[in-house]
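# Structural overview
Here is what each chain is made of, one letter per residue.
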There are 2 protein chains.
Amino acid sequence: MQERSTRRSNRERTQETRARLIAAARRLFVEKSYAGTGTPEIAAAAGLTRGALYHHFADKQALFQAVVDEEAERVAAEIERQADTALTPLDALIEGGNAFLQAMAAPGRTRLLLLDGPAVLGRAAMDAIDGRHGNRTLREGLAAAMRAGAIRRLPLDPLTALLAAAYDRAALAIEAGADAQAFRLTLAAMVESLG
Amino acid sequence: MQERSTRRSNRERTQETRARLIAAARRLFVEKSYAGTGTPEIAAAAGLTRGALYHHFADKQALFQAVVDEEAERVAAEIERQADTALTPLDALIEGGNAFLQAMAAPGRTRLLLLDGPAVLGRAAMDAIDGRHGNRTLREGLAAAMRAGAIRRLPLDPLTALLAAAYDRAALAIEAGADAQAFRLTLAAMVESLG
DNA sequence: TGAATTGACATACAGGCTGCATGTATGCAA
DNA sequence: TTGCATACATGCAGCCTGTATGTCAATTCA
């Protein structure tokens, strides 16, 4: 189980080992859910033993949190990469929403971020995680639209949470085979009708 | 572990035993989550053994599903009890929403129906469960409002799902200590603005 | 009504999993 | 180079789930 091919510093070793554990865990958590995946299988898939896993992570849940953190960050990055500053505030909101749905279509993301995440880590922890990432851009988009008079003034945090919930559910429904276009149109209508 | 006080038929025994298992499981699942509760503890809390539990339920998940089913039915019943047929379609929608939030404030319901439920049983199973109960009234309310011209015509199923998601998230936020009134007002504004 | 069958449980067992304690070898620092 | 910290592997204790087996009461049926 020892890597002998190249000489590396300890810091490099640690980083790569953590990355391999997170990658293996992500794959298995997506495929068989958090509860359905055991640490023996994760360690084996990473080419390590459970000893290494428990050396780098306090417990199975901490490993899961690392997986979820990374995934939320990737989703946020994909959305921001698509952001177009030339749009009106309202169109920017709707385009951001579509970018979110597209990002969430990547396999496993709904399970990690919308099903197992809240149940395993709790809603509060999930809010903290994507308050740093995903929700932040939505919140700012809504604030900008309100300043511009494009949508009516409503309490910002509740409105952000409620729209985020709607988009989350849409991502779930689309993955389950629902008509993606109908959901996108309905979401857009909901956002526009706030004007 | 034998009940000797009164003579009962087997059917009565079964019904009462199942009810005691469900009640004990509900209490523990609410207090310590699905994953954090073991079947030994459930059986003990019900004054039985695991043998009885596995005699009446295929596995731990089937017992959980029975708990969730019962809870969803109770929520739906509480909402329908408050329904007022004298209201306009729009007011009926908003009042129904408030009744939902009030019903979901009962301890444990958000955990059972909104956190553990989807993760353990899957979104599809949860949709089936409260498509029979909760969502049905929302869907009918939206259809009535559309027919009356009170809100704009949008695809009914997506709109139902998205609004239900928003209400779910509001219930979660309120339980977590958010400003309930702000959420109620924001939800009402979202619904009204569909007009 | 008496025998056979079914139903309702309790008990015992086999595997698997989690977390920790312990052991070993390697990097690093004085 | 000597000593400590770091990165792992191995082994163990306890718990949990699901199933197989045994027992006694309820029900069915001749």
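This one's a predicted model, so the numbers in the text were calculated from it and none came from an experiment.

Of note, Ser-33 of chain A is a non-glycine position whose phi angle comes to about 70°, a positive value. Tracing the sequence through the fold places Ser-33 of chain A in the loop between helix 1 (10-32) and helix 2 (39-45).

A separate point is the relation of the copies chain B and chain A. Between the two copies, chain B and chain A, the superposition gives an RMSD of 0.0 Å; the rotation angle is 180° and the shift along the axis is 0.0 Å. The relationship between the two copies is best expressed as a two-fold rotation axis. Most of the interface of chain B is mirrored in chain A, where 100% of its interface residues are also at the interface.

Turning our eyes to something else, we now look at the packing of aromatic side chains. This structure, assessed with the given rule, holds 8 aromatic pairs over all chains. Ring centres of Tyr-34 of chain B and Phe-64 of chain B lie 4.9 Å apart, and the angle between their planes is 55°; on these two criteria the pair is classed as tilted. Of this pair, Tyr-34 of chain B sits in the loop between helix 1 (10-32) and helix 2 (39-45) while Phe-64 of chain B sits in helix 4 (residues 60-82); the two residues are 30 residues apart in sequence, bridging distant segments of the chain. Here Tyr-34 of chain B falls in the buried class, since its relative accessible area comes to 13%. Residue class for Phe-64 of chain B comes out buried when judged on its relative accessible area of 0%. Feature note: the residues Phe-29, Tyr-34 and Phe-64 of chain A constitute an aromatic cluster, connected by ring pairs. One cation-aromatic arrangement involves Lys-60 of chain A over Tyr-34 of chain A; the distance from NZ or CZ to the ring centre is 4.4 Å.

Residue and element names in this part refer to chain A. Within the secondary structure, Thr-17 is located in helix 1. With a relative accessible area of 18%, Thr-17 lands in the buried category. In contact with Thr-17, other than residues within four places in its own chain, are Leu-48 and His-56.

Time to look at the pattern of salt bridges. A side chain of one charge can pair with a side chain of the opposite charge if their charged atoms are brought near each other. Counting across every chain of the model gives 26 salt bridges over all chains. The residue Arg-132 of chain A makes a salt bridge to Asp-69 of chain A at a minimum N-O spacing of 3.0 Å. Of the two residues, Arg-132 of chain A is situated in helix 7 (residues 123-132) and Asp-69 of chain A in helix 4 (residues 60-82); the sequence distance between them amounts to 63 residues. Since its relative accessible area comes to 46%, Arg-132 of chain A is described here as partly exposed. One salt bridge in this structure joins Arg-123 of chain B and Asp-127 of chain B, with 2.7 Å as the shortest N-O distance. Here Arg-123 of chain B pairs with Asp-127 of chain B, and both are found in helix 7 (residues 123-132), just 4 residues apart, close to one helical turn. Judged by relative accessible area, which is 14%, Arg-123 of chain B ranks as buried. The network of salt bridges with shared partners includes Arg-26, Glu-70, Glu-71, Arg-74, Glu-78 and Arg-109 of chain A.

Moving on, we get to the environment of Leu-48 of chain B. Residue and element names in this part refer to chain B. Its location among the elements puts Leu-48 in the loop between helix 2 and helix 3 (50-56). What makes Leu-48 buried here is its relative accessible area of 16%. Separated by 21 residues in the primary sequence, Leu-48 and Arg-27 have C-alpha atoms spaced 16 Å apart.

If you check the shell around DNA strand D, you find 21 residues, and the closest are Thr-14 and Thr-49 of chain A together with Thr-39, Arg-50 and Tyr-54 of chain B. Among the atoms of DNA strand D lying within 4 Å of the protein, the sugar-phosphate backbone contributes 68%. Between Thr-49 of chain A and DNA strand D, the recorded distance is 2.3 Å, taken from a side-chain N or O atom to a phosphate oxygen. Between DNA strand D and Arg-50 of chain B, the relevant distance is 2.5 Å, taken from a base oxygen to a side-chain nitrogen or oxygen of the residue. If you list the elements that add at least two residues to the surface near DNA strand D, you get helix 1 and helix 3 (50-56) of chain A together with helix 2 and helix 3 of chain B.

Turning our attention to the protein's contact with DNA strand C. Taken together, 21 residues form the shell around DNA strand C, and within it Thr-39, Arg-50 and Tyr-54 of chain A together with Thr-14 and Thr-49 of chain B come nearest. Near-protein atoms of DNA strand C (within 4 Å) split between backbone and bases, with sugar and phosphate holding 69%. With respect to DNA strand C, the side chain of His-55 of chain B contributes an N or O atom lying 3.2 Å from a phosphate oxygen. Between a phosphate oxygen of DNA strand C and a side-chain N or O atom of His-56 of chain B, the distance comes to 2.7 Å. Elements with a contribution of two residues or more to the surface near DNA strand C: helix 2 and helix 3 of chain A together with helix 1 and helix 3 of chain B. Its residues placed into classes, the surface near DNA strand C shows 5 nonpolar, 12 polar and 4 charged.

What counts and what doesn't
- Residues numbered from 1 in each chain as written.
- Chains lettered and ligands numbered in written order.
- Predicted model: local features only at pLDDT ≥ 70, side-chain atom pairs only at ≥ 80, totals over all residues.
- Heavy atoms only, no water.
- Helix = DSSP H or I, 4+ residues; strand = E, 2+ residues; numbered from the N terminus.
- Least-squares fit on C-alpha atoms with pLDDT ≥ 70 in both.
- Contact = heavy atoms within 4.5 Å.
- Phe/Tyr/Trp six-rings, centres within 6.5 Å; stacked < 30°, edge-to-face > 60°.
- Buried < 20%, exposed > 50% of the residue type's maximum accessible area, 1.4 Å probe, protein only.
- Lys NZ or Arg CZ within 6 Å of the ring centre and 35° of its normal.
- Salt bridge = Lys/Arg side-chain N within 4 Å of Asp/Glu carboxyl O.
- Near = heavy atom within 4 Å.
- Polar contact = N/O pair within 3.5 Å; in protein donor to acceptor, adjacent residues only side chain to side chain.
- Nonpolar A, V, L, I, M, F, W, Y, C, P; charged D, E, K, R; others polar.

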